Amino acid sequence: MDLVKLGSETAKAGFQNEQDVVDIFNTWRTNYLAQEWLEAMGYNLDEIETVSAVKVKGNFKADVQVQISVTIKLYTQIDCQNIQVKLVSNRKGFNQIDKRWLKDYQKLWNIPLDVLQILQFFTGELKPYKKGTRDSRRMFLDEIEKEKQNLLLSFLKKNKYLIVSDILKGRGKFAAEWVLVIKKIENTEWVLKPINIVMNYYATGDITITKQGSIRIGKITVQRKGGDGGRATANMLQFKIDPTELFDI
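This structure is a prediction, so every number in the text was calculated from the model and none was measured.

*Asks:* Got a minute to help me understand the sheet that holds strand S1 (residues 48–56) in this structure?
*Replies:* Strand pairing within a sheet occurs via backbone hydrogen bonds; the two strands may be parallel or antiparallel. Spatially, S1-S2-S3-S5-S6 is the arrangement adopted by the five strands of the open sheet, whose pairing is mixed. This sheet does not close on itself; its edge strands, each paired only once, are S1 and strand S6 (188–194). For this sheet the average axis-to-axis angle between neighbouring strands, irrespective of direction, equals 25°. In terms of strand pairing, strand S3 (residues 78–88) meets strand S5 (residues 178–184) through six bridges, oriented parallel. Its bridge partner lying in S5, Lys 86 is registered against Val 181. Of the strands in this sheet, S1, strand S2 (65–72), S5 and S6 touch helix H2 (residues 32–40), which is tilted by about 25° from S6.

*Asks:* In this structure, what is going on with helix H5 (residues 146–158)? I would like to understand it.
*Replies:* Count 3.6 residues to each turn of an α-helix, and residues three or four apart come out pointing the same way. Along its 13 residues, H5 runs 18 Å from first to last C-alpha, staying within 8% of the 18 Å computed at 1.5 Å per residue. By the burial criterion, the buried members of H5 are Gln 149, Leu 152, Leu 153, Phe 155 and Leu 156. The arc that holds the buried residues of H5, viewed along the axis, is 160°, so those residues lie on one side. Relative to its buried face, H5 has exposed residues pointing more than 90 degrees away, namely Lys 146, Glu 147, Lys 157 and Lys 158. Along its buried surface, H5 packs onto helix H3 (102–109), helix H4 (113–123), helix H6 (160–168), strand S7 (207–209) and strand S8 (215–217).

*Asks:* What is the right way to look at the nonpolar core in this model?
*Replies:* Generally speaking, soluble globular proteins have nonpolar side chains that are buried together. Residues Trp 109, Leu 168, Ile 215, Ile 217, Ile 220 and Phe 239 are the most contacted members of the largest nonpolar core, which totals 43 residues. The contacts of Phe 239, once residues within four sequence positions are left out, are Asn 95, Gln 96, Ile 97, Asp 98, Tyr 105, Trp 109, Ile 163, Ile 167, Ile 217, Ile 220, Thr 221 and Val 222. Counting residues in each nonpolar core, the second largest holds 24 residues, with Val 21, Val 22, Ile 72 and Val 85 among its members.

*Asks:* Even after reading the chapter, I still don't get the sheet that holds strand S9 (residues 220–224), so can you show me in this structure?
*Replies:* The strand order S4-S10-S9-S8-S7 describes an open sheet built from five strands, whose pairing is antiparallel. The strands lining the two open edges of the sheet, one partner per strand, are strand S4 (95–100) and S7. Averaged over all adjacent pairs, the angle separating strand axes in this sheet is 25°, with direction ignored. With three bridges connecting them, S8 and S9 associate as antiparallel partners.

*Asks:* Would you mind going over a negative patch on the surface with me for this structure?
*Replies:* A cluster of acidic residues, Glu 36, Glu 39, Asp 46 and Glu 47, forms a negative patch at the surface. Checked against the element boundaries, Glu 47 lands in the loop between H2 and S1.

*Asks:* Would you take a moment to explain the pattern of salt bridges for this structure?
*Replies:* Between side chains of opposite charge, a pair can form as their charged atoms come close. What the rule picks out here adds up to six salt bridges. Note that Glu 143 is salt-bridged to Arg 134, the shortest N-O span being 3.7 Å. Overall, the relative accessible area of 10% leaves Glu 143 in the buried class. Put simply, Lys 183 and Glu 189 hold a salt bridge, and the shortest N to O gap is 4.0 Å. For Glu 189, a relative accessible area of 40% translates into the label partly exposed. Here the residues in one salt-bridge network are Arg 134, Asp 142 and Glu 143, joined through shared partners.

*Asks:* It is not clear to me how the packing of aromatic side chains should be interpreted in this structure. Could you clarify?
*Replies:* Aromatic rings in a pair are described by how distant their centres are and how their planes are angled relative to each other. Taken as a whole and judged by the stated rule, the model has seven aromatic pairs. Between Trp 109 and Phe 239 the ring centres are 6.1 Å apart and the planes differ by 90°, which places this aromatic pair in the edge-to-face class. One end of the pair, Trp 109, is in helix H3; the other, Phe 239, is in strand S10 (residues 237–241), and 130 residues separate them in sequence. In textbook terms, an aromatic cluster arises when at least three aromatic residues are bridged by ring pairs, as seen for Phe 25, Trp 37 and Trp 190. Above the ring of Phe 140, the side-chain terminus of Arg 138 is found at 4.1 Å from the ring centroid. When the ring centre of Phe 247 is taken as reference, the NZ or CZ atom of Lys 183 above it lies at 4.3 Å.

Parameters at a glance
- Residues numbered from 1 in each chain as written.
- Predicted model: local features only at pLDDT ≥ 70, side-chain atom pairs only at ≥ 80, totals over all residues.
- Heavy atoms only, no water.
- Pairing = 2+ DSSP bridges.
- Helix = DSSP H or I, 4+ residues; strand = E, 2+ residues; numbered from the N terminus.
- Axes fitted to C-alpha atoms, helices over the stretch in contact; angles between N-to-C directions.
- Contact = heavy atoms within 4.5 Å.
- Expected span 1.5 Å × (residues − 1).
- Buried < 20%, exposed > 50% of the residue type's maximum accessible area, 1.4 Å probe, protein only.
- Arc of directions from axis to C-beta.
- Core = buried A, V, L, I, M, F, W, Y, C linked by side-chain atoms within 4.5 Å.
- Patch = residues over 30% accessible without salt bridge, like charges linked within 9 Å, V, L, I, M, F, W, Y side chains within 5 Å.
- Areas by Shrake-Rupley, 256 points an atom, 1.4 Å probe, with all protein chains shown as cover.
- Salt bridge = Lys/Arg side-chain N within 4 Å of Asp/Glu carboxyl O.
- Lys, Arg positive; Asp, Glu negative; His and termini not counted.
- Charge placed at Lys NZ, Arg CZ, Asp CG, Glu CD.
- Phe/Tyr/Trp six-rings, centres within 6.5 Å; stacked < 30°, edge-to-face > 60°.
- Lys NZ or Arg CZ within 6 Å of the ring centre and 35° of its normal.

And the structure:
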């Protein structure tokens, strides 16, 4: 199977698994997994009247996620919670958490034009301005002058927590309150963490340019998307984490 086909099959499997989570929540009365998740979120099962789950996609978050609505007995208010779902089949490995065109990130974070241009060379929206780069389609950040590297790093450091919040939590009514990681290897394991704990964990650490010429924001890797059989979407910017690390915190 070629890489493009593999990427497509992986994406389809991800959506199927999010639907699996929806189905589990919607059968919460008889499904022990749903009951464990609800208890992990702080609910008393004896006080729940109804649970309704659906897949949603917000305006400010690239991922599809699961929204659950919980009605508590004797109360009229419905409690809505948004859950990011990550399903992994390896003990360790990176998982995309957000990808967009640079113009969309520029609107979100008010990226100055000089910083935007550096990122455009990095993703390949702009072709290399000098010869001898490792990839004729784009420039790695360690191939760009130190002055420009420092300009980019300064912007990222100044906006670190805004960036981490947008790519992990999102904005508006569909902002995620929880991250659910399901690991399927020999057995199925899961971990459910509040989004603030997740953001604090992955934001911890310096912002650096890696030996491979990409970016690290704490424990988050920032890369050119690549792949896609040479289509223009290869030039999008993507953010990746290893979700399995949440099992250890």
